[in-house]
Amino acid sequence: MRDIKKVAVLGAGVMGSGIAAHLANAGVKVLLLDIVPPDLKPEEKEDRNARNRFAMNGLQNALKAKPAAFYVKDNAELIEVGNFEDDLEKIKDCDWVIEAVIENLEIKRKLFEQVDKHRGENTIVTSNTSGLSLEKMIEGRTEGFRKHFFITHFFNPVRYMKLLEIIPGKDTDPELVDFIVNFATWKLGKGIVYGKDTPNFIANRIGVYGMMKTIHLMVEMGYEVDEVDAIVGPALGRPRSAAFGTADLVGLDTFLHVAHTVYENCPDDEERDVFKEPDFLKHMVENQLLGRKSGAGFYKREKDPDTGEKKKLVFDYKNLSYREAKKYDYESLKAAKGIHDVDERVRKVVFAEDRAGLFAWKVMAHTLIYAANRLGEIADDIVNIDNAMKWGFNWTRGPFETWNALGVKKVVERMEQEGMNVPGWVKEMLDAGHEAFYVEKDGVLHYWDPQSKSYKPVPRPKELIILKDLKKDKKRIVASNMSASLVDIGDDVLCLEFHSYLVPNMNPIDDDMVDMMDKGVEEAERNFKGLVIHNQSENFSAGANVMLLLMSARNKDWDKINDIVSRFQMANLKLRRSKVPVVAAPFGFTLGGGAEVVMGADRVCAAAETYMGLVEVGVGLIPGGGGTLDLLIRNLEGIDEPILSNLPFIRNAFETIAMAKVASSGEEAKKMKFLRSNDKIVPNRDLQLHVAKQMVIGMYNEGYEPPKSVKLHLPGLDGVATFKVVLRNLRQTHQITEYEEKIGEKLAYVLCGGDTHISHPLSEEYILELEREAFVSLCGEEKTQERMEYFLKHNKPLRN
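What counts and what doesn't
- Residues numbered from 1 in each chain as written.
- Predicted model: local features only at pLDDT ≥ 70, side-chain atom pairs only at ≥ 80, totals over all residues.
- Heavy atoms only, no water.
- Helix = DSSP H or I, 4+ residues; strand = E, 2+ residues; numbered from the N terminus.
- Rg over C-alpha atoms; globule rule 2.2 N^0.38 Å.
- Areas by Shrake-Rupley, 256 points an atom, 1.4 Å probe, with all protein chains shown as cover.
- Patch = residues over 30% accessible without salt bridge, like charges linked within 9 Å, V, L, I, M, F, W, Y side chains within 5 Å.
- Salt bridge = Lys/Arg side-chain N within 4 Å of Asp/Glu carboxyl O.
- Lys, Arg positive; Asp, Glu negative; His and termini not counted.
- Charge placed at Lys NZ, Arg CZ, Asp CG, Glu CD.
- Buried < 20%, exposed > 50% of the residue type's maximum accessible area, 1.4 Å probe, protein only.
- Pairing = 2+ DSSP bridges.
- Axes fitted to C-alpha atoms, helices over the stretch in contact; angles between N-to-C directions.
- Right-handed = clockwise from strand over helix to strand, strands pointing away.
- 1 Å grid on protein atoms, 1.4 Å probe; cavity = no way out; pocket = protein on both sides within 12 Å on 5 of 7 lines; lining within 4 Å.
- Points joined across faces, edges and corners; volume = space filled by probe spheres on them.
- Nonpolar A, V, L, I, M, F, W, Y, C, P; charged D, E, K, R; others polar.
- Contact = heavy atoms within 4.5 Å.
- Arc of directions from axis to C-beta.
- Polar contact = N/O pair within 3.5 Å; in protein donor to acceptor, adjacent residues only side chain to side chain.
- Parallel < 35°, antiparallel > 145°, perpendicular 65-115°, else oblique.
- Left-handed = near helix turned anticlockwise from the far one by under 90°.
- Expected span 1.5 Å × (residues − 1).
- Core = buried A, V, L, I, M, F, W, Y, C linked by side-chain atoms within 4.5 Å.

Caption draft 1: Broad picture of the overall build of the protein. Summing up its helical and strand segments, the protein has 33 helices and 25 strands in all. In terms of C-alpha radius of gyration, the protein reaches 28 Å, essentially the compact-globule figure of 28 Å for 800 residues. Counting only C-alpha atoms, the protein reaches 80 × 70 × 65 Å along its principal axes. Surface accessibility of the protein: about 35,200 Å² in total, with carbon and sulfur atoms responsible for 48%.

Here it is as structure tokens:
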């Protein structure tokens, strides 16, 4: 039985150190090696620290990386640094060796010659090359090496980018590929695509073509940089960085290197000239206008000498200078902003007849044709191409999914009217009476395969559970309203799904969700083994319905606010006291009320990328749905009560809430006590619902008993007085405002149990009552209402 216990990463640059960090996130020991610095002083030549300097710098850069490379910085302790001269023989004890040195064929070949000598007999060796030829890299290597070698191309930043391109060689053992694929899927959270040994593989081949074509069309059609980005970003289902923002993020030198790789190595590419950069791009690289890493690229920020505020400037390629960025409000773009459905949004822009629509159509049409022409060359099917673009370039839809949404026949007719060369296999598909690249048959998604001239099932992991697909069978929908549903996900497990109709990607907690929480527990206790709380939008839940609270506060409807808070508190308490197991499966933003729902569950199956926190102070409040109680309980767990003073533990809860701390990962959420040590972290969101479901079944089969109610011994007014002294000092030193001091005092009163004594046990319901009273009273404060208004207007908390 193979296992991955230790991995060697060769090369400690941005990619190598990022790969090492993410392997450490998976709990794997890592040997991170790089060259010995060539400029060592005579006295440093025997100094191991000096000889390991490049690898150590790579580790330090990973520790300082933004966004963070590690789930928690403690994971860096799993990484050992070294150098190629002194430590390469250590790879014999590694299960996997990943090469990530500079993109130079000769350097890689020389390194593999040494790896071939030192690797263990069963050690897997892969390259992280972004586009060099696999066969050329391993010329002259032994049969055993070739059998154990293939390409694993990670994308940067490694922790966050889902894509992992796998390119096997002609001698690669398929079982080894399957083994690494399984490890990368479950332990590293990767989405796998299979490419071919061609320059730049799949994602970079199509993605860089799309960006270069966008640049050439911009010049030909007389558009501006910021104008183009306004068109080819979210309006077309692409990331906010759009085209030129993405180039700045990647680095213009890196971007052009990838383009040159295609130009130099693909002489038969019908669009080869697109990969040649225009003169202004050469000028930018020569003048170190490389993007974010140099401080200026297509965009830069400068402080206005008059106002002191930072202005966003954009590069004007016509006169090689910068000007202030503008906003472009074409009718199609304005209409697209209000459309949540990405397919409808893209149709709205691509088929528009305004200036934005004309450019969007040109870029889209050329990109779709190019992707279709690459089928068979870079990948065997359209599914791998679509997934590569979604996971590697953050497109919401891949090129063939987009073409499907636009209407294949409609798009082809317009292409031909405009004299574009539509790929033959696409026209053959249409001529055969098939008008879609993807169709659903018997509830299973199929894709068109030109080779067999038939539809084939889209490959999916057997553990993948898609709520949208399950709900097509109406019998599985146990109950539903505008904001939430109860879905039978099989094996006698019920799922509570949030799907806000107001803000679909954020799922703020509202009355309909609270109603369904109540019904979910009741239904699960009657007819199911347990309940999972999960959804499959962009974020689990980013808080409560601030608009409803503000309207009620402005109307001075305190009874309504009290009722809203009380119902939410009781719904979360009901989760915890359920007679059947309740497992929450959060991901993405899990803030405020969303965090309170999760903390109400008995167990949690969190995605590794879960950003969890009680952030209510940002709108002038404290947690009102039981979050104050839950965090207090977690910080006091394991303490024998009553004790003389538990203030240090209460202080941890106070600081977490008062400073609106947000965990940057599921692992950090454990350290901050939002999650417990026995909660599970899942790196791959695609598998999260399956794992949560198995947790429910396991808890049920063990003979589930709900947790007992907690009695708390808290310091009362003595504790409150201590917090008041600290808060007063913070205000007098201008670290907090007078109003923030007031919020802090109310929070301290709740956490310390109000007017009590540490020897007197307090019930959970009593703390909830204190929490509710503080919440409602703060809603009545004008400054809280001002903060709510600011948040709703700017989508961020007011900073004083």
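Caption draft 2: Spatial organisation of a positive patch on the surface. Together, Arg292, Arg301, Lys303, Lys310 and Lys312 make up a positively charged patch on the protein surface. Listed by contribution, the elements that provide at least two residues to the positive patch are strand 9 (299–303) and strand 10 (310–316). Residue position: arginine 292 is located in the loop between helix 13 (279–286) and strand 9. A relative accessible area of 61% means that arginine 292 is categorised as exposed.

Caption draft 3: Quick peek at the sheet that holds strand 10. With antiparallel pairing, three strands are arranged side by side in an open sheet as 9-10-11. The sheet is open, and its two borders are formed by strand 9 and strand 11 (321–324), each paired with just one other strand. On average, adjacent strands in this sheet sit at an angle of 40° to one another, irrespective of strand direction. As judged from the five bridges shared by strand 9 and strand 10, these two strands associate in the antiparallel manner. Bridge assignment links arginine 301 to a residue of strand 10, and that residue is lysine 312.

Caption draft 4: Layout of the pairing of strand 18 (residues 530–533). Neither face of strand 18 is exposed, since Gly530 and Val532 on one face and Leu531 and Ile533 on the opposite face are all buried. One ladder, built from four bridges, connects strand 17 (residues 493–498) with strand 18; its direction is parallel. Residue pairing across strands places cysteine 495 opposite valine 532, the latter belonging to strand 18. Assessed by its sense of winding, the connection that carries the chain from strand 17 through helix 22 (residues 511–527) to strand 18 is right-handed. Bridge count between strand 18 and strand 19 (residues 582–584): three bridges; the pairing is parallel. Paired with isoleucine 533 across the two strands is alanine 584, which belongs to strand 19.

Caption draft 5: A look at empty space enclosed by the protein. Going through the model one piece at a time under the given rule, you end up with three cavities of 30 Å³ or more. Taken as a whole, the largest cavity holds about 60 Å³ of empty space. Put simply, the parts of the chain that give the lining of the largest cavity at least two residues each are helix 15 (342–350) and helix 18 (399–406). A total of four residues in the lining of the largest cavity trace back to one element, the largest contributor, which is helix 15. Here the lining of the largest cavity is built from residues that sort into five nonpolar, one polar and three charged.

Caption draft 6: Broad picture of the sheet that holds strand 15 (residues 477–480). Taken in spatial order, the seven strands line up as 15-16-17-18-19-21-23 in an open sheet, and their pairing is mixed. Unpaired on one side and paired on the other, strand 15 and strand 23 (680–682) mark the two borders of the sheet. Within the sheet, the average angular offset between the axes of one strand and its neighbour, ignoring direction, is 20°. Helix 22 rests against strand 15, strand 16 (484–488), strand 17 and strand 18 of the sheet, and its axis sits at about 25° to strand 16.

Caption draft 7: Local environment of helix 15. Among all positions in helix 15, only Val342, Arg345, Val346, Val349 and Val350 are buried. Seen end-on, helix 15 carries its buried residues on one side only, within an arc spanning 120°. For helix 15, the N-terminal capping position is held by aspartate 341, with its side-chain oxygen 3.2 Å away from the main-chain nitrogen of aspartate 343.

Caption draft 8: Focus on the packing of helix 19 (residues 408–417) against helix 20 (residues 424–431). At a minimum axis separation of 11 Å, helix 19 and helix 20 run at an interaxial angle of 125°. Between helix 19 and helix 20, the interaxial angle falls into the category oblique. Note on packing geometry: the crossing formed by helix 19 with helix 20 is left-handed. In contact with Val408, Lys409, Val412 and Glu416 of helix 19, helix 20 contributes Val426, Lys427, Met429 and Leu430. Taken together, the residues of the contact of helix 19 with helix 20 sort by class into five nonpolar, no polar and three charged.

Caption draft 9: Inspection of the pattern of salt bridges at higher detail. Counted by the stated rule, this structure contains 63 salt bridges. In this structure, the salt-bridge partner of arginine 159 is glutamate 609, at a minimum N-O distance of 2.7 Å. Taken together, the residues arginine 159 in the loop between strand 6 (149–154) and strand 7 (163–168) and glutamate 609 in the loop between strand 21 (603–607) and strand 22 (610–613) connect sequence positions 450 residues apart. Classification of glutamate 609 by relative accessible area gives buried; the value is 18%.

Caption draft 10: The environment of asparagine 505, seen in detail. Structurally, asparagine 505 is set in the loop between strand 17 and helix 22. Residues asparagine 505 and glutamate 522 lie 17 residues apart in sequence; the distance between their C-alpha atoms is 27 Å. The residues contacting asparagine 505, other than those within four sequence positions of it, are Glu538 and Asn539. At a separation of 3.4 Å, a polar atom in the side chain of asparagine 505 contacts the side chain of glutamate 538.

Caption draft 11: Up close: helix 32 (residues 764–779). End to end, helix 32 covers 23 Å across 16 residues, agreeing with the expected 22 Å (1.5 Å per residue, within 8%). Buried within helix 32 we find Glu764, Ile767, Leu768, Leu770, Glu771, Arg772, Ala774, Phe775, Val776, Leu778 and Cys779.

Caption draft 12: Quick peek at a nonpolar patch on the surface. Taken together, the side chains of Met482, Tyr501, Leu502 and Val503 define a hydrophobic patch exposed on the protein surface, amounting to about 380 Å² of accessible area. In this structure, valine 503 sits in the loop between strand 17 and helix 22.

Caption draft 13: View of unusual backbone geometry. A cis geometry characterises the amide bond from lysine 66 onward to proline 67, with omega recorded as 0°. The omega torsion of the bond from asparagine 156 to proline 157 falls at 0°, within 30 degrees of zero and hence cis. Here proline 157 shows up in the loop between strand 6 and strand 7. The phi dihedral of aspartate 442 falls on the positive side, at around 55°, and the residue is not glycine. Within the secondary structure layout, aspartate 442 lies in the loop between strand 12 (438–441) and strand 13 (444–449). By relative accessible area, aspartate 442 is classed as exposed at 83%.

Caption draft 14: Representation of the nonpolar core in the model. Counting 95 residues, the largest nonpolar core has Phe298, Trp403, Met415 and Phe437 as the members making the most contacts within it. Ranked by residue count, the leading element in this core is helix 16 (residues 355–374), at 12 residues. Apart from residues lying up to four places away in sequence, phenylalanine 437 is in contact with Ile382, Phe400, Trp403, Asn404, Val408, Trp425, Val426, Met429, His446, Tyr447, Trp448 and Tyr455. In terms of nonpolar packing, the next biggest core, distinct from the first, is built from 86 residues, Phe498, Phe528, Ala606 and Leu778 among them.

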